[in-house]
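Observations on chain architecture
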Amino acid sequence: MTPAWRARQARRAGRVWQIGRAGRMGFTAIALLVGARVFQTSVATQAPNPGAPANFVTIQAPVVALTHVRVIDGTGAPARADQTVVIRDGAIAELGSASSVAVPPGATVVDLTGKSVIPGLVMLHEHLYYTTGPGVYGQLGASFSRLYLAGGVTTMRTGGNVNGIMDINLSRRIAAGELVGPAIDATAPYVNGPSTFLQMHVVNTPDDARQHVAYWAAQGSTSLKAYMQISRAALKAAIDEGHRRGMKTTGHLCSVTFGEAADLGIDNLEHGFFPATDFVADKQPDICPGQARGQQMIAALDENGAPFKALVQKLVDRHVALTSTLTVFETFTRGRPLPPGLDVLTPPLRDSFMRAHERVEQNQQSVYAALFAKDMRMERAFVRAGGTLVAGTDPTGSGGVVPGYADQRQIELLVEAGFTPVEAIRIGTLNGATFLGRDTRVGSIAQGKQADLVVVAGDPSASIADIRRVETVFRNGVGYDRAKLVESVRGQVGIW
Ligand SMILES: [Zn+2]
């Protein structure tokens, strides 16, 4: 027995132990003698996959008929009572009043008396990471993708990331049916200038920006997100390089004003009007004056005055969509209810958020006291002027914006902002799908469209809080159990 042979045996033993653990099964001595390629195949075919869609399915059949259901179709039209929705091969085959649509023979019938269906939510400022410590962002895509689906989100765009690979891999594996979750439009890592963020790449020049976009497009990213320290020149290069490749750019900006970004051809701006630095009098080009200064100016701005109206008109004229993310700002605002979903977090993350919440509650000087309601009014003004409002949640800040739960909360907050429930649902469904160019397939409930539907108890067109009462989420015609999805991650969100 040579030392080399013993080392080889030890390596093999180690490999078998790892495989045995991963596969929760023993391997025979014969397996030891075969090559590494066979081991890899064994792992791929035999390891349990706790994220497999099949683990969460409640309704799956060639033909499913949802009967006696209230349909809120996502177009902003009034709800229609007592409808039949026939799902065949993942698509909506028929849709109409219970008296006009016959249930096909052999269909699996689900009586939804007293319940409603809305389109699967299409949310555009989501993340697969979360603030896990001061300035540190943990990659939580494995649990988040289940929570998003549980909350009724069937399509989402990530609003930037500090990793890149996780968004792309989750998007691909969900699309391939290997993991459960929504369809993901995966952004590249933030396009940003020099900053203090430890996990962010630095884009200094237009050339850097083009290379960043080209690299991440080649990896599989399909959208771009610019950030607070980007220069106008680098932003312009990223937007143009993205457009050349069919990718849209959004931005959480500061160094570049909303008006400048609109002139540069940006497609979308994030966070309502909270980050706009257009009204900072001594704003230096390409320099972020501090998010707080921008917000003080917004808080002091005359929302009926000519400067704000001119900015709104520019965004409308240039077809720049605006993403409402009221959920994250609600966590910064005193006197607001605790956000939903905190119970799924790990205890340390829950405690950390509760301490942040306590500080918010004690801060009597905070700009958000006035700004939260003011931004709601400004978002309404933008829509009245003909602007396209889309929705997202932004699970960042000091925590507390919990995927899925926050998506429902965001729709509720749009209603608080003054939209009707069916208008708010449209903002969170068809508007998002239209922005992503996916509206021929998803975003509303119509014959021929993909069967992405959320079954909720009650009537969210009358009482928007019912949007929280999700029971089943259909994606591609397969019904997933909300409770199973949530229970599979409870207490773990913060670890994976
Ligand atoms: Zn964000």
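Here the structure is shown first, and the text comes after it.
For the structure given in this document, a descriptive report is provided here. The model shown is predicted, which means the values in this text are computed figures rather than measured ones. (Residues numbered from 1 in each chain as written. Predicted model: local features only at pLDDT ≥ 70, side-chain atom pairs only at ≥ 80, totals over all residues. Heavy atoms only, no water.)

Section: the state of the cysteines
Defined as follows: Any two cysteine sulfur atoms within 2.5 Å of one another count as a disulfide. Helix and strand assignments come from DSSP, with helices taken as H or I runs of at least 4 residues and strands as E runs of at least 2, each series counted from the N terminus. Buried residues are those whose accessible area, probed at 1.4 Å on protein chains only, stays under 20% of the maximum for their type, while exposed residues exceed 50% and partly exposed ones sit between those limits.
According to the stated counting rule, one finds one disulfide in the structure shown. At a sulfur-sulfur separation of 2.1 Å, the disulfide partner of Cys254 is Cys288. Across the S-S bond linking Cys254 and Cys288, the dihedral sits near 70°, which makes this disulfide right-handed. With Cys254 in the loop between strand 13 (248-251) and helix 8 (258-264) and Cys288 in the loop between strand 14 (268-269) and helix 9 (291-300), this residue pair connects regions lying 34 residues apart in the sequence. You can call Cys254 buried: its relative accessible area is 0%. Cys288 sits in the partly exposed class, given a relative accessible area of 22%.

What about the packing of helix 4 (residues 141-150) against helix 5 (residues 165-175)?
Applicable threshold: To get an axis, fit a line to the C-alpha atoms, keeping to the stretch in contact for a helix; angles then go from 0 to 180 degrees between the N-to-C directions. Should an angle fall under 35 degrees it is called roughly parallel, over 145 degrees roughly antiparallel, and 65 to 115 degrees roughly perpendicular, with every other angle called oblique. Note: crossing handedness is left-handed where the near helix turns anticlockwise from the far helix by less than a right angle, and right-handed where it turns clockwise. Here, residues are in contact when the closest pair of their heavy atoms is within 4.5 Å. Think of it as three bins: nonpolar holds Ala, Val, Leu, Ile, Met, Phe, Trp, Tyr, Cys and Pro, charged holds Asp, Glu, Lys and Arg, and polar takes everything else, Gly as well.
Put simply, helix 4 and helix 5 touch, their axes get as near as 11 Å, and they point 50° apart. Put simply, helix 4 runs oblique to helix 5. Judged by the sense of rotation from one axis to the other, the crossing of helix 4 with helix 5 is right-handed. Note on element contacts: helix 5 touches helix 4 through Met166, Leu170 and Ile174, opposite Gly141, Ala142 and Ser145. Broken down by class, the residue content of the contact of helix 4 with helix 5 amounts to four nonpolar, two polar and no charged.

Here's the deal with the sheet that holds strand 10 (residues 153-158)
Stated formally: Paired strands, in this sense, are two strands between which DSSP finds at least two bridges.
A sheet is described by the order of its strands in space; here three strands give the open sequence 7-10-11, paired in parallel fashion. Every interior strand has two partners, whereas the edge strands, strand 7 (121-126) and strand 11 (183-185), have only one. For this sheet the average axis-to-axis angle between neighbouring strands, irrespective of direction, equals 20°. Looking at chain direction, strand 10 and strand 11 are connected through three bridges and run parallel. Considered in strand 11, the bridge of Met156 is made with Ile184.

Let's talk about the nonpolar core
Heads up, the condition is: What we call a nonpolar core is a set of buried Ala, Val, Leu, Ile, Met, Phe, Trp, Tyr and Cys residues that are connected through their side-chain atoms within 4.5 Å.
Membership of the largest hydrophobic core comes to 102 residues, with the highest contact counts inside it found for Ile230, Leu235, Leu253, Leu269, Phe273 and Leu315. With seven residues, the single largest contributor to this core is helix 13 (residues 368-384). Apart from the residues lying within four places of it in its own chain, the contact partners of Leu253 are Ala226, Tyr227, Met228, Ile230, Leu235, Ala261, Ile266, Leu269, Pro275 and Gln291. In terms of nonpolar packing, the next biggest core, distinct from the first, is built from 16 residues, Val85, Val110, Val117 and Phe474 among them.

Details of the sheet that holds strand 12 (residues 223-226)
Spatially, 12-13-14-15-16 is the arrangement adopted by the five strands of the open sheet, whose pairing is parallel. Strand pairing shows two members of the sheet lacking a second neighbour, strand 12 and strand 16 (389-391), which therefore form its edges. One ladder, built from two bridges, connects strand 13 with strand 14; its direction is parallel. Opposite Gly251, over in strand 14, you have Leu269 as the bridge partner.

Overview of the coordination of the zinc ion
Reference values for angles at a metal are 109.5 degrees in the four-donor tetrahedral case and 90 or 180 degrees in the six-donor octahedral case. We count it as follows: Listed donor atoms are N, O and S within 2.8 Å of the metal (Na, K and Ca: 3.2 Å). As water is not included, a site may look incomplete.
The coordination sphere of the zinc ion contains the protein donors His125 (NE2), His127 (NE2) and Asp394 (OD), at a distance range of 2.0 to 2.2 Å. Mapped onto the polypeptide sequence, the residues donating to the zinc ion form the spacing pattern H-x1-H-x266-D. Neither residue differs from the other here; His125 and His127 are each classed as buried.

A word on the packing of aromatic side chains
Selection rule: Pairing of aromatic rings covers Phe, Tyr and Trp, the last through its six-membered ring, and needs centres within 6.5 Å; plane angles under 30 degrees mean stacked, over 60 mean edge-to-face, and all others mean tilted. Should the NZ of a Lys or the CZ of an Arg lie within 6 Å of a ring centre and within 35 degrees of the ring normal, that charge is described as sitting over the ring.
Tallied over the entire structure, the rule returns 14 aromatic pairs. When the centroid spacing of 6.3 Å and the interplanar angle of 40° are considered together, the rings of Phe274 and Tyr368 count as tilted. Taken as a pair, Phe274 in the loop between strand 14 and helix 9 and Tyr368 in helix 13 lie far apart in primary sequence, 94 residues in all. Aromatic rings pair up to connect Phe258, Phe273, Phe308 and Phe382 into one cluster. One Lys or Arg, Lys248, reaches over the ring of Phe435 and ends 4.2 Å from the middle of that ring. Taking the ring centre of Phe419 as reference, the NZ or CZ of Arg380 above it sits at 5.2 Å.

Focus on the pairing of strand 10
The condition that has to hold: Handedness is read with the strands pointing away from the viewer; a crossover is right-handed when the path from the first strand over the helix to the second is clockwise.
For strand 10, a buried count of six out of six residues is recorded, marking the element as mostly surrounded by other parts of the structure. Across four bridges, the pairing between strand 7 and strand 10 is parallel. When the sheet's bridge partners are listed, Met123 is paired in strand 10 with Met156. Taking the sense of rotation as the criterion, the β-α-β connection linking strand 10, helix 5 and strand 11 turns out right-handed.

Quick word on the environment of Gln60
Mapping Gln60 onto the fold places it in the loop between strand 1 (57-59) and strand 2 (63-71). Relative accessible area serves as the criterion here: at 59%, Gln60 is assigned to the exposed category.

Considerations on the side chain of Thr396
Relative to the elements of secondary structure, Thr396 occurs in the loop between strand 16 and helix 14 (405-416). In this structure, Thr396 is in contact with His127, Tyr129, Thr131 and Val328, ignoring residues within four places of it in sequence.

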